[in-house]
Amino acid sequence: MDARYRLPSRPVADPRAVVSGDGFRVTVLTDGLLRLEWSPDGGFEDRASTFALNRELAVPEFRVVETDRHVEIVTDRLHLVYDRGPFTTSGLSVAVRGGVSSYHSVWRYGDDGGLGGDGNLGGTVRTLDGVDGGIDLDPGVVSRVGYAVLDDSRSFVFDGDWVAPRDGSRTDLYVFAYGLDHRAALDAFHAVSGPVPVLPRWALGNWWSRYHRYSADEYTALLSRFEREGVPFSVAVVDMDWHVVDVDPSVGSGWTGYTWNRDLFPDPPAFLAWLHAHGLRVTLNVHPADGVRSHEDAYPEMAAALGLDASTGDPIAFDVTDPDFLAAYFDVLHRRLERDGVDFWWIDWQSGPHSRVTGIDPLWMLNHFHFLDSARDGRRPLTFSRYAGPGSHRYPVGFSGDTVVSWASLDFQPFFTATAANIGYGWWSHDIGGHWHGSKDDELATRWVQLGVFSPVLRLHSSANAFMTKEPWAFGPAAQQVMTDHLRLRHRLVPYLHAMNHRAARENRPLVEPMYHAWPTDPEAYDARQQFLFGTELLVAPVTSPADARTRTGAVRAWLPPGTWVDVLTGLVYDGGRGLVLHRDLSTIPVLARSGAIVPLDADPVPGADPVNPVSLEVLVVVGADGAFTLVEDDGTGDGLDEAHVVRTPLRLDQATGTVTVGPALGDVSCVPAERAWTVTFVALDEPDGEIVARVDGTTVECLVERSDDRLRVLVDAVPVGATLTVDVGPCPRLAANDVAARLFAVLDRAHTEYDVKPRVHAIATSDAPLSVRVSHLVALDLEPALLTALLEVLLARA
């Protein structure tokens with residue numbers, strides 16, 4: 001294989017970081033990360049592995065204490081004690097200094113199977129194929145007991161431009177001892193394993209996918225209807241029926257294929273060109289396990305490339321461990337289809353972890369080489385495949401597999417997605433709506449789309465069943481409208497998502513994070529399994545259970561960290577620092593932002609298919625504290641990390657003066673429009689004190705001020721990209737008081753409860769009596785629990 005398939009790596013540690021002896025080697029990679037090796041033959045592994053690319057790191061400060069019986073290593077974070085022999089429970093331990101507890105924060109080799117103990121907070125798994133509900137997860141590198149262990153003993157290694165299996169007799173462990181500093185542990189993980197790549201901007205929009213025997217005409221007609229309905233998509237997925245599947249059983253199963261089905265797609269280049277012209281990128285599904293059979297158009301060329309006699313018709317076996325086969329796999333099989341217009345590949349490997357060489361996982365090989373191959377000619381790389389183990393974050397996007405259509409599956413996905421951050425795996429794509437089984441349920445499908453909007457990647461998908469599809473118009477009018485609104489919202493969110501995309505690559509912070517990454521010392525953060533951080537500005541608590549029959553709302557138990565929080569979709573303001581139950585009707589889910597939050601959006605209410613850097617932007621602002629956000633955009637070329645092709649626009653809120661400042665843009669401003677229209681939207685803003693003024697480079701300009709519902713909008717047109725825009729709403733702006741009476745009325749009006757009860761409840765809840773009296777009175781009415789908690793949510797939202 002040539003150099004394009006080589007990942008940059010620095011696998012040999014600085015000798016000053018190494019403490020070694022007869023059969024052992026300890027490498028102090030950081031102050032909280034040790035590499036522990038035991039080798040019966042005295043040899044040690046210095047090649048890069050699937051997990052560890054970079055062991056040559058800055059040498060941290062540490063002390064070595066040698067005695068006749070032990071060697072000890074001490075850093076600011078950890079204390080290793082080792083008896084210099086084969087690793088045993090009594091002979092090897094690592095204590096976390098200043099850890100969670102002096103008892104639980106000591107790792108001893110072997111007493112936890114090398115998986116980091118019962119306190120491990122989990123990572124992710126290879127697939128959710130066939131899963132209905134939750135499953136156990138592989139370990140991550142963060143833990144409630146302060147340490148976690150990653151066993152790298154069995155991963156294969158990179159040997160020049162190729163790969164090789166490990167010596168199975170050696171032990172190779174990485175001990176993360178960061179206490180509750182979870183983000184620091186993940187920084188160390190990425191320092192060794194490499195950063196997350198920057199995704200193409202278009203990957204952040206909506207993906208259409210369905211396992212269905214589409215023809216070219218049917219597919220383009222469907223996308224045309226999506227356009228007419230104002231439902232944007234940026235990626236078109238074509239499942240396996242793009243290729244010939246009905247083949248002679250003596251030749252193969254038809255599951256693997258590389259030949260267009262010309263009955264369905266008579267002119268593939270024209271079909272793909274149509275999709276491109278309508279703003280979509282295209283991926284085709286491929287199951288490579290059966291190799292190349294004699295019926296394939298590419299068979300003669302593949303045989304010639306491999307020095308085989310095509311006249312025999314013998315199958316060309318899939319052998320991912322053969323460099324010659326893999327070179328032909330890309331340069332013959334895939335390149336000819338890419339010339340037709342295929343943008344990237346959905347690698348649907350379902351055939352297990354074994355290859356012709358022990359220890360070489362075909363899925364790993366496919367992910368690694370497909371991703372690097374997609375980066376040729378200056379492209380921004382992307383592949384779409386299942387998770388293969390630690391280090392897989394380098395090859396986004398992840399395909400989580402074929403989940404069951406059920407509330408249990410939906411309920412598991414928020415936790416599953418957020419927890420994957422504990423192993424650096426931030427770009428999961430789920431089958432939104434579920435893949436198979438189950439039954440039609442408008443509410444379930446809608447709630448799943450809402451979760452999808454606030455997932456790393458939103459890809460609608462369903463199985464090969466004429467009755468199972470995910471077009472919004474396949475559901476009732478209420479569900480259709482909510483799905484449409486949310487699919488538009490996803491594309492409106494792309495400016496925010498793309499800034500978080502760049503943050504993930506540069507700061508090791510995935511888009512979706514569990515709450516305890518930000519609040520590691522709060523026990524409530526660990527219990528808040530059904531909510532997550534969505535970038536720097538938002539907290540999302542999706543509704544994942546059916547609505548109560550009486551209140552007609554879905555509910556989710558949530559925890560709001562200290563501070564003041566505003567639901568940016570409903571305008572309801574909450575005091576934080578507590579747990580509570582949030583209720584939402586089908587139109588929305590809780591999406592909260594703290595005071596000082598700034599969220600940039602595409603200002604177009606019906607965005608186009610291709611989410612390019614927009615000409616008009618809306619900035620959501622939550623007053624009450626200073627805030628700052630940097631909008632990051634790029635020209636879409638290369639890996640996204642070259643600052644020469646990136647533009648950054650600072651967005652700031654000065655709470656004392658009540659001033660929002662936009663710009664000036666810095667960097668490659670040629671990749672964004674020369675002028676932009678900006679809408680600054682203040683969510684749940686109280687009536688401003690004084691006149692609202694907009695200025696460009698200090699000069700007052702005309703602005704349009706709109707007040708509607710719970711927000712105030714200030715629109716300024718034609719702002720040069722290099723200029724500074726300020727919008728002033730007066731000093732110390734305040735969040736508006738919740739309209740408690742109106743919101744309580746809405747809760748009661750929606751509820752299917754007795755008419756005679758509603759006026760009495762509303763009168764009690766809105767009386768002049770002290771709050772404690774009103775709450776006590778409501779509790780004494782013996783209302784249905786769901787109705788009572790829905791009322792108390794509004795009544796107790798703020799002090």
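Conventions adopted
- Residues numbered from 1 in each chain as written.
- Predicted model: local features only at pLDDT ≥ 70, side-chain atom pairs only at ≥ 80, totals over all residues.
- Heavy atoms only, no water.
- Helix = DSSP H or I, 4+ residues; strand = E, 2+ residues; numbered from the N terminus.
- Rg over C-alpha atoms; globule rule 2.2 N^0.38 Å.
- Contact = heavy atoms within 4.5 Å.
- Areas by Shrake-Rupley, 256 points an atom, 1.4 Å probe, with all protein chains shown as cover.
- Lys, Arg positive; Asp, Glu negative; His and termini not counted.
- Charge placed at Lys NZ, Arg CZ, Asp CG, Glu CD.
- Buried < 20%, exposed > 50% of the residue type's maximum accessible area, 1.4 Å probe, protein only.
- Salt bridge = Lys/Arg side-chain N within 4 Å of Asp/Glu carboxyl O.
- Core = buried A, V, L, I, M, F, W, Y, C linked by side-chain atoms within 4.5 Å.
- Pairing = 2+ DSSP bridges.
- Arc of directions from axis to C-beta.
- Expected span 1.5 Å × (residues − 1).
- Polar contact = N/O pair within 3.5 Å; in protein donor to acceptor, adjacent residues only side chain to side chain.
- Axes fitted to C-alpha atoms, helices over the stretch in contact; angles between N-to-C directions.
- Parallel < 35°, antiparallel > 145°, perpendicular 65-115°, else oblique.
- Left-handed = near helix turned anticlockwise from the far one by under 90°.
- Nonpolar A, V, L, I, M, F, W, Y, C, P; charged D, E, K, R; others polar.
- Phe/Tyr/Trp six-rings, centres within 6.5 Å; stacked < 30°, edge-to-face > 60°.
- Right-handed = clockwise from strand over helix to strand, strands pointing away.

Peer 1: I would appreciate a short explanation of the overall build of the protein chain in the present structure.
Peer 2: Secondary structure assignment for the protein chain yields 15 helices and 40 strands. Since a compact globule built from 799 residues should have a radius of gyration of about 28 Å, the 28 Å found for the protein chain is in line with a globular shape. With the principal axes as the frame, the protein chain shows a C-alpha extent of 85 × 75 × 60 Å. If you take every contact in the protein chain between residues at least 6 apart in sequence, the share linking residues at least 24 apart comes to 71%. Of the roughly 29,500 Å² of accessible surface on the protein chain, 52% is carried by carbon and sulfur atoms. Side chains of the protein chain carry 68 positive and 108 negative charges; the gap between the two charge centres is 3 Å.

Peer 1: Explanation requested: unusual backbone geometry in the structure shown.
Peer 2: As a rule of thumb, non-glycine residues mostly have phi less than zero, and peptide bonds are mostly trans rather than cis. Here Pro 396 and Val 397 are connected by a cis peptide whose omega angle stands at 15 degrees. Relative to the helices and strands, Val 397 resides in the loop between β17 (384-385) and β18 (398-399). The residue Arg 84 is not glycine, and still its phi comes out positive at about 70 degrees. Note on placement: Arg 84 falls in the loop between β6 (78-82) and β7 (92-96). Using a relative accessible area of 24% as the deciding quantity, one classes Arg 84 as partly exposed. The phi torsion at Asp 377 lies on the positive side, around 60 degrees, for a residue other than glycine.

Peer 1: What is the right way to look at the pattern of salt bridges in this model?
Peer 2: Oppositely charged side chains are able to pair whenever their charged atoms sit close together. Under the criterion given, the structure shown has 50 salt bridges. A salt bridge links Asp 152 to Arg 166; the nearest nitrogen and oxygen atoms lie 2.8 Å apart. Here Asp 152 is found in the loop between β9 (148-151) and β10 (157-159), whereas its partner Arg 166 is found in the loop between β11 (162-164) and β12 (171-176), with 14 residues between them in sequence. Using a relative accessible area of 2% as the deciding quantity, one classes Asp 152 as buried. On the accessibility criterion, Arg 166 (16% relative accessible area) is buried. Two residues, Arg 213 and Asp 246, come together in a salt bridge whose shortest N-O distance is 3.4 Å. Of this pair, Arg 213 sits in the loop between β13 (206-208) and α2 (216-229) while Asp 246 sits in the loop between β14 (235-238) and α3 (268-277), and the two are 33 residues apart along the sequence. Using a relative accessible area of 38% as the deciding quantity, one classes Arg 213 as partly exposed. Linked through salt bridges whose partners overlap, the residues forming this network are Arg 25, Arg 35, Glu 37, Asp 46, Asp 152, Arg 166 and Asp 172.

Peer 1: Would you mind showing me how to read the nonpolar core here?
Peer 2: Nonpolar side chains in soluble globular proteins generally cluster together in the buried interior. Ranked by internal contacts, the top residues of the largest apolar core, which has 151 residues, are Phe 454, Phe 534 and Phe 682. In terms of residue count, the dominant contributor to this core is helix α5 (residues 323-340) (eight residues). Discounting chain neighbours no more than four positions away, the residues touching Phe 454 are Leu 489, Arg 490, Leu 493, Val 512, Phe 532, Phe 534, Val 540, Ile 589 and Val 591. Ranked by size, the runner-up nonpolar core spans 49 residues in total, among them Ala 525, Ala 541, Ala 558 and Ala 797.

Peer 1: Looking at this structure, how should I read the environment of Leu 199?
Peer 2: Of note, Leu 199 is situated in the loop between α1 (182-193) and β13. Between the alpha carbons of Leu 199 and His 437 there is a distance of 32 Å; along the sequence they are 238 residues apart. Beyond its immediate sequence surroundings of up to four residues, Leu 199 is in contact with Leu 204, Arg 380, Leu 382, Pro 396, Val 397, Trp 427, His 498 and Asn 501.

Peer 1: Explanation requested: the sheet that holds strand β25 (residues 564-567) in the structure shown.
Peer 2: Paired through their backbone hydrogen bonds, the strands of a sheet run either parallel or antiparallel. Read from one edge to the other, the open sheet built from six strands follows the order β21-β22-β23-β28-β25-β26, with strand pairing classed as antiparallel. Both edges of this open sheet fall to β21 (512-513) and β26 (573-575), since each of them pairs with a single strand only.

Peer 1: Got a minute to help me understand helix α13 (residues 757-765) in this structure?
Peer 2: An α-helical turn contains 3.6 residues, so a residue and the one three or four places further along point in the same direction. For α13, the set of buried residues is Lys 758, Val 761, His 762, Ile 764 and Ala 765. Along the axis of α13, the buried residues cluster in a sector spanning 165 degrees; they form a single face. Those residues of α13 that are exposed and aimed more than 90 degrees away from the buried face are Pro 759 and Arg 760. Considering only its buried residues, α13 is in contact with α12 (740-750), α14 (771-780) and α15 (785-795).

Peer 1: Help me understand helix α6 (residues 362-373), please; the structure alone is not making it clear to me.
Peer 2: Here α6 contains twelve residues, and its C-alpha end-to-end distance of 16 Å stays within 8% of the 16 Å for a straight helix at 1.5 Å per residue. For α6, the buried fraction is high: twelve of the twelve residues fall into the buried class. Considered for burial, the residues of α6 that qualify are Pro 362, Leu 363, Trp 364, Met 365, Leu 366, Asn 367, His 368, Phe 369, His 370, Phe 371, Leu 372 and Asp 373.

Peer 1: Before we go on, may I ask you to explain the environment of Ser 253 in this structure?
Peer 2: Inspection of the secondary structure puts Ser 253 in the loop between β14 and α3. A sequence separation of 37 residues divides Ser 253 from Asp 290, and the C-alpha atoms of the two residues are 8.2 Å apart. Not counting residues up to four positions away in its chain, the partners in contact with Ser 253 are Val 245, Val 247 and Asp 290. A distance of 3.1 Å separates the side chain of Ser 253 from the backbone nitrogen of Trp 255, its partner in a polar contact.

Peer 1: What exactly am I supposed to notice about the packing of α12 against α13 here?
Peer 2: Taken N-terminus to C-terminus, the directions of α12 and α13 make an angle of 155 degrees; their axes are 10 Å apart at the nearest point. By the angle class used here, α12 and α13 are roughly antiparallel. In this structure, α12 crosses over α13, and the sense of that crossing is right-handed. For the pair formed by α12 and α13, the contact residues are Ala 741, Leu 744, Phe 745, Leu 748 and Asp 749 on the first element and Lys 758, Val 761, His 762 and Ala 765 on the second. Its residues assigned to classes, the contact of α12 with α13 comprises six nonpolar, one polar and two charged.

Peer 1: I tried to follow the packing of aromatic side chains on my own but got confused; where do I start?
Peer 2: For any pair of aromatic rings, geometry is given as the distance between the ring centres together with the angle between the planes. Counted by the stated rule, this structure contains 45 aromatic pairs. Considering the side-chain rings of Trp 202 and Phe 344, the 5.5 Å spacing of their centres and the 35 degrees angle between planes classify their relative orientation as tilted. With a gap of 142 residues between them, Trp 202 in the loop between α1 and β13 and Phe 344 in strand β16 (residues 344-347) connect regions that are remote in the sequence. When its relative accessible area of 2% is taken as the criterion, Phe 344 is described as buried.

Peer 1: Would you mind showing me how to read the sheet that holds strand β39 (residues 711-720) here?
Peer 2: Ordered by their spatial adjacency, five strands build an open sheet running β29-β30-β35-β39-β38, and the pairing between neighbours is mixed. Among the strands making up the open sheet, the edge pair consists of β29 (598-602) and β38 (704-708). With strand direction ignored, the average angle separating the axes of adjacent strands in the sheet is 20 degrees. Across the sheet, helix α10 (residues 494-507) lies against β29 and β30 (616-621), angled at about 120 degrees from β29, the strand it touches most.

Peer 1: Sorry if this is basic, but what is going on with the pairing of strand β15 (residues 281-286) here?
Peer 2: For β15, a buried count of five out of six residues is recorded, marking the element as mostly surrounded by other parts of the structure. Where β14 and β15 come together, four bridges link them in parallel fashion. Bridge pairing in β15 links Val 238 to Leu 284. A crossover links β14 with its parallel partner β15, the connecting element being α3, and its sense is right-handed.

Peer 1: Which parts of the structure should I look at to understand the pairing of β25?
Peer 2: Side-chain positions along a regular strand alternate between the two faces of the sheet. Bridge count for β25 against β26 is three bridges, and the pairing is antiparallel. If you follow Thr 564 over to β26, its bridge partner there is Asp 575. Hairpin connection between β25 and β26: a loop of five residues separates the two successive antiparallel strands, and Gly 571 in this loop has a positive phi of roughly 85 degrees. Alignment of β25 against strand β28 (residues 591-594), held across three bridges, turns out to be antiparallel. Looking at the pairing, Asp 567 lines up with Leu 592 of β28.

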